[in-house]
Amino acid sequence: MGKTFERIDGRLRTFIEAQPVFFTATAPLAADGTVNLSPKGLKGSFAVLDELTVAYLDFAGSNAETIAHLRENGRITLMWCAFQGPPNIVRVHGRGEPVFRDDARFGDLLAHFPDIDPTRHGLRAIIVVTAELVRDTCGYAVPFMAYEEDRDLHAKRFAREDDASLSAYFGKKEHIATSLDGLPGLPLPLPPSTV
């Protein structure tokens with residue numbers, strides 16, 4: 001039933017770009033480490049950069065497990081499900097890297113997300129993923145669900161923050177600078193943006 005793809009293009013790319021939500025999964029190298037699974041959304045916060053590279057915006061939140069795991073080992077899986085239309089599940093297994101705001105590449109990467117105002121969401125990093133394995137499966141058991149609209153709560157909460165107050169917010173959270181398993185997470189104080 002499943003099919004392996006050599007690249008992210010055509011029908012596959014169209015499907016991925018049309019989904020309003022996707023999921024990321026990462027884990028530390030330690031066998032007893034905490035596996036992380038996170039939903040991601042907000043229209044315009046995901047981009048296909050080329051046939052084997054995708055990226056998404058990493059916004060402010062109460063932990064930084066994905067960043068910590070990527071800094072340690074780079075392993076990541078992204079998954080999209082068809083909640084409307086024909087059933088389908090797509091997974092991109094690959095290597096990821098958090099590109100922080102003070103990285104010279106940050107501005108060029110940010111240009112791939114023209115529909116997002118990064119100042120309204122406490123943008124911490126851009127996660128860039130290079131695909132090593134791209135597969136789809138049937139998704140026959142995934143239920144139909146209707147997308148209504150993005151929530152506006154994230155932007156309302158973080159639009160009032162500047163770099164200093166955002167760094168202070170992150171500094172108060174237990175698992176931002178350090179992961180649940182003690183790995184280095186988001187560098188603090190928050191690096192200034194290059195853009």
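The structure under discussion appears in the preceding block.
What you see is a predicted model; the values in this text were computed from it and never measured.

## Overview of the nonpolar core
Phase 1 of the analysis: Ranked by internal contacts, the top residues of the largest apolar core, which has 33 residues, are Ile8, Ile16, Phe46, Leu78, Trp80, Phe170 and Leu186.
Phase 2 of the analysis: At the level of elements, α1 (10-18), β4 (46-50), β5 (53-58), α2 (65-72), β6 (75-81), β7 (89-100), β8 (125-137) and α5 (163-172) are the ones that each hand at least two residues to this core.
Phase 3 of the analysis: Tallying contributions element by element places β8 first for this core, with five residues.
Phase 4 of the analysis: Formed by 14 residues, the second largest nonpolar core is a distinct cluster that contains Leu42, Ala55, Phe106 and Phe113.

## Observations concerning α2
Because the α-helix completes a turn every 3.6 residues, residues three or four places apart line up on one side.
Phase 1 of the analysis: Along α2, six of the eight residues are buried, which leaves the element largely enclosed by surrounding structure.
Phase 2 of the analysis: Those residues of α2 that fall on the buried side of the exposure criterion are Glu65, Thr66, Ile67, Ala68, His69 and Leu70.
Phase 3 of the analysis: On its buried face, α2 sits against β2 (22-26), β3 (36-40), β5, β6, β7 and β8.
Phase 4 of the analysis: Where α2 ends, the next residue or the one after it, Gly74, has phi of about 80 degrees, a positive value.

## Things to note about the packing of aromatic side chains
Phase 1 of the analysis: Scanning all chains against the criterion turns up six aromatic pairs.
Phase 2 of the analysis: Aromatic rings pair up to connect Phe22, Phe46, Tyr56 and Trp80 into one cluster.
Phase 3 of the analysis: In this structure, Arg157 packs its charged tip against the face of Phe158, placed 4.6 Å from the ring centre.
Phase 4 of the analysis: Looking at Arg157, its charged tip hangs above the ring of Tyr169, at a distance of 4.8 Å from the centre.

## Here we look at the state of the cysteines
Phase 1 of the analysis: Counted according to the given criterion, the structure contains zero disulfides.
Phase 2 of the analysis: Here Cys81 is not cross-linked by a disulfide; its sulfur's nearest cysteine counterpart is in Cys138, at 11 Å.

## A short note on the layout of surface pockets
If a probe as big as a water molecule is rolled over the atoms, it shows which places are left empty.
Phase 1 of the analysis: In this model, the largest pocket occupies a volume close to 1,200 Å³.
Phase 2 of the analysis: Together, 40 residues line the largest pocket, and Val21, Pro39, Lys40, Gly41 and Leu42 are the ones closest to its centre.
Phase 3 of the analysis: Of all the elements in the fold, those that place two or more residues in the lining of the largest pocket are α1, β3, β5, α2 and α4 (153-158).
Phase 4 of the analysis: Here the element with the most residues in the lining of the largest pocket is β3; it accounts for four residues.
Phase 5 of the analysis: Here the lining of the largest pocket is built from residues that sort into 19 nonpolar, 12 polar and nine charged.
Phase 6 of the analysis: Here the second largest pocket defines a volume of roughly 260 Å³.
Phase 7 of the analysis: In terms of lining, the second largest pocket is formed by 18 residues, of which the most central are Glu17, Gln19, Pro20, Lys43 and Gly44.

## Overview of α1
Phase 1 of the analysis: Where α1 is concerned, the buried positions are Leu12, Phe15 and Ile16. Around the axis of α1, the buried residues are gathered within 95 degrees of arc, so they sit on the same side. Seen from the buried face of α1, the exposed residues on the opposite side, beyond 90 degrees, are Thr14 and Ala18.
Phase 2 of the analysis: In this fold, the buried residues of α1 make contact with β1 (3-5), β4, β6, β7 and β8.

## Some words on the environment of Ala141
Phase 1 of the analysis: The topology assignment puts Ala141 in the loop between β8 and α4.
Phase 2 of the analysis: The class for Ala141 is exposed, based on a relative accessible area of 77%.
Phase 3 of the analysis: Each C-alpha atom, one on Ala141 and one on Tyr169, is 40 Å from the other, the two residues being 28 residues apart in sequence.

Conventions adopted
Throughout, a residue's number is its position along its own chain's written sequence, starting from 1. With the structure being a predicted model, the display of local features is reserved for residues of pLDDT at least 70 and the display and counting of side-chain atom pairs for 80 or more, all residues being used for whole-chain, interface and lining totals. Side-chain numbers here rest on the full set of heavy atoms in the structure, without hydrogens or water. Buried residues of nine kinds, namely Ala, Val, Leu, Ile, Met, Phe, Trp, Tyr and Cys, make up a nonpolar core once their side-chain atoms join them within 4.5 Å. Summary of the burial criterion: residues with accessible area below 20% of their type's maximum are buried, those above 50% are exposed, and those between are partly exposed, where the area comes from a 1.4 Å probe applied to protein chains only. For helices the rule is a DSSP run of H or I covering at least 4 residues; for strands it is a run of E covering at least 2, with both sets numbered from the N terminus onward. Contacts are assigned to residue pairs with any non-hydrogen atoms lying within 4.5 Å of each other. When the centres of two rings from Phe, Tyr and Trp lie within 6.5 Å, Trp using its six-membered ring, the rings pair. Their planes under 30 degrees apart give stacked, over 60 give edge-to-face, and anything left gives tilted. Over a ring means this: the NZ of a Lys or the CZ of an Arg is within 6 Å of the ring centre and within 35 degrees of the ring normal. A pair of cysteine sulfur atoms is labelled a disulfide when the two atoms are within 2.5 Å. Throughout, the protein atoms alone are placed on a 1 Å grid, and a set of points is a cavity if a 1.4 Å probe fits but cannot get out or a pocket if it is open with protein on both sides within 12 Å along at least five of seven lines; lining residues have an atom within 4 Å of a point. Grid points are joined across faces, edges and corners, and a volume is the space filled by probe spheres set on the points. Three residue categories are used. Nonpolar comprises Ala, Val, Leu, Ile, Met, Phe, Trp, Tyr, Cys and Pro, charged comprises Asp, Glu, Lys and Arg, and polar comprises the others, including Gly. The arc refers to the directions leading from the helix axis to the C-beta atoms.

Keep in mind these values describe shape, not function.
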